[in-house]
Amino acid sequence: MASEPRLLDRPRPPSSPPPLDWLTLADAFEVACLVRCTPAPTARPHVPTPPERGAVEFNREDAALRMRQLLARLDVPVEHEVVTGGLRRRYELHRLHVPAGHRAGFTQLREAGWRQGRRELLGPAVGSSTPRAAWRTRLASAAWRSALLAGGRHVRRHILGIRLADRELAAVLIRSAALLEVPALLRPGAGCLVVSVADGPDRLRIMERAALAPARTSTLV
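The structure presented is a predicted model; accordingly, all values stated were derived computationally and were not measured. (Residues numbered from 1 in each chain as written. Predicted model: local features only at pLDDT ≥ 70, side-chain atom pairs only at ≥ 80, totals over all residues. Heavy atoms only, no water.)

## Things to note about the overall build of the chain
Applicable threshold: Secondary structure elements are defined from DSSP: runs of H or I of at least 4 residues count as helices, runs of E of at least 2 residues count as strands, and each element is numbered from the N terminus. Throughout this description, buried means an accessible area under 20% of the type-specific maximum (1.4 Å probe, protein chains only), exposed means over 50%, and partly exposed covers the range between. Only heavy atoms matter for contacts: two residues are in contact if any of them lie within 4.5 Å across the pair. The Shrake-Rupley method, run with a 1.4 Å probe, gives the accessible areas here. Residue values count only the displayed protein chains as cover.
The secondary structure content of the chain amounts to six helices and seven strands. The order of α-helices and β-strands along the chain, N terminus first, is α-β-α-β-β-α-α-β-β-α-β-β-α. Across the 221 residues in the chain, those meeting the buried criterion constitute 39%. Put simply, of all contacts in the chain between residues at least 6 apart along the chain, 67% involve residues at least 24 apart. Of the roughly 14100 Å² of accessible surface on the chain, a fraction of 55% belongs to carbon and sulfur atoms.

## Description of the nonpolar core
What counts, and what does not: Definition of nonpolar core: a set of buried residues of the types Ala, Val, Leu, Ile, Met, Phe, Trp, Tyr and Cys, connected through side-chain atoms within 4.5 Å.
Counting residues in hydrophobic clusters, the biggest one holds 53 residues, and the most contacted among them are Phe-29, Val-31, Phe-58, Met-67, Trp-144, Leu-164 and Ile-206. Other than its neighbours up to four places away in sequence, Ile-206 contacts Trp-144, Leu-148, Ala-177, Leu-180, Val-182 and Val-197.

## Focus: the sheet that holds strand E3 (residues 91–97)
Strands in a sheet are paired, the pairing made by backbone hydrogen bonds, and the direction either parallel or antiparallel. Convention followed: Here the rule is simple: two strands pair whenever DSSP picks up at least two bridges between them. Every axis corresponds to a line fitted to the C-alpha atoms, with the helix fit spanning only the stretch in contact, and the corresponding angles, defined between N-to-C directions, vary from 0 to 180 degrees.
Judged by pairing direction, the sheet is antiparallel, and its three strands sit side by side in the order E1-E3-E2 without closing on themselves. At either end of the open sheet lies a strand with only one pairing partner, and these are strand E1 (55–58) and strand E2 (79–85). Direction aside, the axes of adjacent strands within the sheet are offset by 25° on average. Examined bridge by bridge, E2 and E3 share seven bridges and lie antiparallel to one another. From the neighbouring strand, Thr-84 faces E3, where its bridge partner is Glu-92. Across the face of the sheet, helix H2 (residues 61–73) comes into contact with E1, E2 and E3 while running at roughly 15° to E3.

## Remarks on the packing of aromatic side chains
Put simply, the test is: Two aromatic rings from Phe, Tyr or Trp, using only the six-membered ring of Trp, form a pair when their centres are within 6.5 Å; if the ring planes differ by under 30 degrees the pair is stacked, by over 60 it is edge-to-face, and anything between is tilted.
According to the stated counting rule, one finds two aromatic pairs in the structure shown. Pairing Trp-22 with Trp-135 gives two aromatic rings, centres 5.7 Å apart and planes at 15°, and the pair type is stacked. One end of the pair, Trp-22, is in helix H1 (residues 22–37); the other, Trp-135, is in helix H4 (residues 130–150), and 113 residues separate them in sequence. On the accessibility criterion, Trp-22 (27% relative accessible area) is partly exposed. Given the relative accessible area of 19%, Trp-135 is considered buried. Where Phe-29 meets Trp-114, the ring centres are 5.8 Å apart and the plane angle is 10°; that geometry is what we call stacked. Of the two residues, Phe-29 is situated in helix H1 and Trp-114 in helix H3 (residues 100–122); the sequence distance between them amounts to 85 residues. On the basis of relative accessible area, Phe-29 is assigned to the buried category, the value being 0%. By relative accessible area, which is 6% here, Trp-114 ends up buried.

## Examining unusual backbone geometry
Negative phi characterises most residues that are not glycine, and trans characterises most peptide bonds. If you check the backbone angles, Asp-75 has positive phi at about 60° while not being a glycine. Mapped onto the fold, Asp-75 is located in the loop between H2 and E2.

## Focus on the pairing of strand E7 (residues 193–198)
Consecutive side chains of a regular strand alternate in pointing toward one face of the sheet and then the other. Across the six residues that make up E7, a large majority, five, are buried. Pairing of strand E5 (residues 159–164) with E7, which is carried by six bridges, proceeds in the antiparallel orientation. Looking at E7, one finds that Ile-162 is bridged to Val-195. In the sheet, strand E6 (residues 185–188) pairs with E7 via four bridges, with the strands oriented antiparallel. The partner of Leu-185 across the bridge, within E7, is Ser-196. Hairpin remark: E6 followed by E7, antiparallel, with four residues in the connecting loop; positive phi at Gly-191, about 70°.

## Description of the packing of H3 against helix H5 (residues 167–179)
Short version of the rule: Orientation categories follow fixed angle ranges, with anything under 35 degrees roughly parallel, anything over 145 roughly antiparallel, 65 to 115 roughly perpendicular, and all other angles oblique. By convention, the crossing between two helices is left-handed when the near helix turns anticlockwise from the far helix through less than a right angle, and right-handed when the turn is clockwise. Any residue that is not Ala, Val, Leu, Ile, Met, Phe, Trp, Tyr, Cys, Pro, Asp, Glu, Lys or Arg is counted as polar, Gly included; the first ten are nonpolar and the last four charged.
Closest axis-to-axis distance for the H3/H5 pair is 9 Å, and the angle between their directions is 45°. As summarised for this structure, H3 and H5 are arranged oblique, according to the angle between their axes. For the pair H3 and H5, the sense of crossing is left-handed. Contacts from Trp-114, Arg-118, Leu-121 and Leu-122 in H3 reach Glu-168, Leu-169, Ala-171, Val-172, Arg-175, Ser-176 and Leu-179 in H5. Broken down by class, the residue content of the contact of H3 with H5 amounts to seven nonpolar, one polar and three charged.

This is the structure in structure tokens:
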């Protein structure tokens, strides 16, 4: 009796990378939000050097310093360049460059942080454990911290607003505000989206929850 022909094994799809641990996720997600708040750098008039590929550009020093801090914790090397531009109105641009040999790893880490963090915030929270709920709140704080540092401020007497071009980030900010027990509104702006919270207690709560905790000092035992 002739043996039956053996079927070749079907090619297996590449396995998805394991999820990031919570500490890594919090930092990688905040990095992703900072990048999404900032449009891709472009050559600007009256700026001496054009940005190179792989650079992230901020117009605020505190945003660049926060990005450097997060990348250091993620073991991603980065170079910080300060460029001055403008004629009558001078301004500074803070460019962060990840070396070419590390860009693929940086991109993979940033995208994984965004996907996983976005899923945690926008997904259903039914049945979440207490530790997981605490980490979701931490992710919500990170999203708003990034927006306040790197997003376009839209401050009026009655609101604190953030101008964004990224619809997904706007949705994350709305859900994050809800997790921080602050109602937020989304409305179209001039070529952008504006996410806003009311002035007063809502604004104070968002600012407080987005603020960095003071550094803990080590104690000798």
